Amino acid sequence: MPGRLTVHLSNLPARRLYVEEGSDYVIGRGAECDLQINHPQLSRRHARLSWQDDSWEFSDLGSKNGLVVNGRKVETSQIGDDGWVQFGDVVARFEMVSNEARQREDELNRRRWETSLELRRQLDPAAGLDRLLHQVLRSVLSLSGTERGFVMLTTDTGDLEIKSYSGVAPDDFDKQQFSGSVGAIEIALGSGNMVVSGDAMTDAQLGSRPSITIGEIRALVCIPLVILNKTTGILYADSREPGKVFTELDVEILQGLANHAGMAIAVARIRDEIAGLGRALPDIDPGSVEQNDSQLEEWADHLPGFEPDSTEADNDGRGGVTWSDLKAAHTSKSGSDT
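This is a predicted model, so every value here is computed, not measured. (Residues numbered from 1 in each chain as written. Predicted model: local features only at pLDDT ≥ 70, side-chain atom pairs only at ≥ 80, totals over all residues. Heavy atoms only, no water.)

> Got a minute to help me understand the overall build of the protein chain in this structure?
Looking only at helices and strands, the protein chain features 7 helices and 16 strands. The buried share of the protein chain, reckoned over its 338 residues, is 46%. Counting contacts in the protein chain only where the partners sit at least 6 residues apart, residues at least 24 apart contribute 57% of the total. Carbon and sulfur atoms provide 46% of the accessible area of the protein chain, an area that totals close to 17000 Å². (Helix = DSSP H or I, 4+ residues; strand = E, 2+ residues; numbered from the N terminus. Buried < 20%, exposed > 50% of the residue type's maximum accessible area, 1.4 Å probe, protein only. Contact = heavy atoms within 4.5 Å. Areas by Shrake-Rupley, 256 points an atom, 1.4 Å probe, with all protein chains shown as cover.)

> Looking at this model, I keep getting lost on the nonpolar core. Mind explaining?
Soluble globular proteins tend to bury their nonpolar side chains together. If you look at the biggest cluster of nonpolar residues, it comprises 30 residues, and the most contacted ones within it are Leu123, Leu132, Leu153, Ile223, Leu235 and Ile265. Breaking this core down by element, the ones donating at least two residues are helix H2 (129–144), strand E12 (148–154), strand E15 (220–227), strand E16 (230–238) and helix H5 (248–280). Looking at this core element by element, the count peaks at 9 residues for H5. Filtering out sequence-adjacent residues up to four positions away, Leu132 remains in contact with Leu123, Asp124, Pro125, Ala264, Ile265 and Ala268. (Core = buried A, V, L, I, M, F, W, Y, C linked by side-chain atoms within 4.5 Å.)

> Can you help me understand the sheet that holds strand E9 (residues 76–78) in this one?
The strand order across the open sheet built from 5 strands is E4-E3-E5-E6-E9, with neighbouring strands paired in mixed fashion. Only two strands of the sheet have a single partner each, and these edge strands are strand E4 (35–36) and E9. Two elements, strand E6 (residues 55–60) and E9, share 3 bridges in a ladder whose sense is antiparallel. Bridging across to E9, Glu57 finds its partner in Gln78. (Pairing = 2+ DSSP bridges.)

> What should I look at first to understand the packing of aromatic side chains in this one?
Applying the stated criterion across every chain, the model contains 6 aromatic pairs. Here the aromatic rings of Tyr25 and Trp56 are separated by 6.4 Å at their centres, their planes lie at 45 degrees, and the arrangement is tilted. Here Tyr25 is found in strand E3 (residues 24–28), whereas its partner Trp56 is found in strand E6, with 31 residues between them in sequence. Owing to a relative accessible area of 13%, Tyr25 belongs among the buried residues under this scheme. Between Trp56 and Phe94, the ring centres sit 6.0 Å apart and the planes meet at 65 degrees, which makes this aromatic pair edge-to-face. Of this pair, Trp56 sits in strand E6 while Phe94 sits in strand E11 (residues 90–96), placing them 38 residues apart in sequence. A connected cluster of aromatic rings, assembled from ring pairs, spans Tyr25, Trp51, Trp56, Phe58, Phe87 and Phe94. Over the ring of Tyr18 we find Arg102, and its NZ or CZ is 3.9 Å from the ring centre. It is Arg120 that lies over the ring of Trp113; its NZ or CZ is 5.5 Å from the centre. (Phe/Tyr/Trp six-rings, centres within 6.5 Å; stacked < 30°, edge-to-face > 60°. Lys NZ or Arg CZ within 6 Å of the ring centre and 35° of its normal.)

> Is there a simple way to explain unusual backbone geometry in this structure?
Peptide bonds are trans in most cases, and residues, glycine excluded, mostly fall at negative phi. Here the phi dihedral of Asp54 falls at roughly 65 degrees; this positive angle occurs in a residue that is not glycine. Take Asp54: it is sitting in the loop between strand E5 (47–52) and E6. With a phi angle near 50 degrees, Leu228 is a residue other than glycine that sits in the positive phi range. By secondary structure assignment, the location of Leu228 is in the loop between E15 and E16.

> Would you explain H2 in this entry?
Quick reminder: α-helices carry 3.6 residues per turn. Residues three or four places apart thus point the same way. The end-to-end C-alpha distance of H2 is 22 Å, a good match for the 22 Å that 16 residues give at a rise of 1.5 Å each. Burial analysis of H2 places 12 of its 16 residues in the buried class, which makes it a mostly covered element. Residues Leu129, Asp130, Leu132, Leu133, His134, Val136, Leu137, Ser139, Val140, Leu141, Leu143 and Ser144 constitute the buried set of H2. Where H2 ends, the next residue or the one after it, Gly145, has phi of about 70 degrees, a positive value. (Expected span 1.5 Å × (residues − 1).)

> Can you walk me through the sheet that holds strand E8 (residues 72–73) in this structure?
In a beta sheet, neighbouring strands pair by backbone hydrogen bonds and run either parallel or antiparallel. Across the sheet, which stays open at both edges, the 6 strands sit in the order E2-E1-E11-E10-E7-E8 with antiparallel pairing between neighbours. Looking at strand neighbours, the two that pair on one side only are strand E2 (15–19) and E8, the edges of this open sheet. For strand E1 (residues 3–8) and E11, the ladder comprises 6 bridges, and the chain directions are antiparallel. Its bridge partner lying in E11, Gly3 is registered against Met96.

> Sorry if this is basic, but what is going on with the side chain of Glu57 here?
By the element assignment, Glu57 lies in strand E6. No salt bridge forms around the buried Glu57; measuring N to O, its nearest opposite-charge neighbour Arg48 is 8.2 Å away. Not counting residues up to four positions away in its chain, the partners in contact with Glu57 are Arg48, Leu49, Ser50, Gln52, Thr76, Ser77 and Gln78. (Lys, Arg positive; Asp, Glu negative; His and termini not counted. Salt bridge = Lys/Arg side-chain N within 4 Å of Asp/Glu carboxyl O.)

> What's the story with the pairing of E6 in this structure? I'm lost.
A regular strand places its side chains on the two faces of the sheet in alternate fashion. Of all 6 residues that make up E6, 6 are buried, and the element is covered over most of its length. Counting the residues in the hairpin turn of E5 and E6 gives 2 residues, including Asp53, whose phi is positive at 50 degrees.

Here is the structure:
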């Protein structure tokens, strides 16, 4: 029966590799390998997966960091219908998967992709920034299968400020209560790349951070919003339920949504600013071409204090809490997250 090897890589999406019965596959980080896993823990030719006597068998090819099958270091071992294998520290799950099951999975992935495209089309800047952010966040939670999250946007001072949230109690942003992953946000901001983890508590890069252990965070997604090579915000979502596997397709779908959302948010902010500017200026007589200095000064006095449009309905947004606040809050309760 055909098989599927799901490779779990720290802070990266899981890779799903399919194998057909009757064939042999060399696994390693070398480009010539049948199943390439580009990770320093793997040797160039690390192991072989082969179909032997109606079952799948793993064999070590003299690798530096060894081969472990179902918790036991081996030279050669059959794995059965379902089991776990390690190439050094890289963990993977092997499963027998029928052609029918794979076809169902392909159909499900196709539908998920179509759903993501429809969600992108529904992001309308004309709805106003608050409604748009609410919709973006709901879409991220739906596509990632997470429970709670928030959107942060840059301010004039260069800080990030929470503009919308869902599934989070207001007190969770209090200095003594915030339990999101400060570390994941720092990594995403520093690298400019998405951070994903199916189980952050066991993740090599995130698991030791206090914000993960205190918040009991498992599935996690943190996506920078980037416009013209400049980070303008962060989409953050997580869950305390284990078992979520983020695949390369999941990352592609979420990144596509984030790219589209970033542009829509930028347009919505400009629209709101223009609307606020229009309200700030006094009425102008269209028949008057010449304006005296005192009227120009009157217009200028109105400009600094205008406020953009806001939408009250269907928005659980919250303003005032910044990234600086959250970092300080976590430092005060746990000492450090670095």
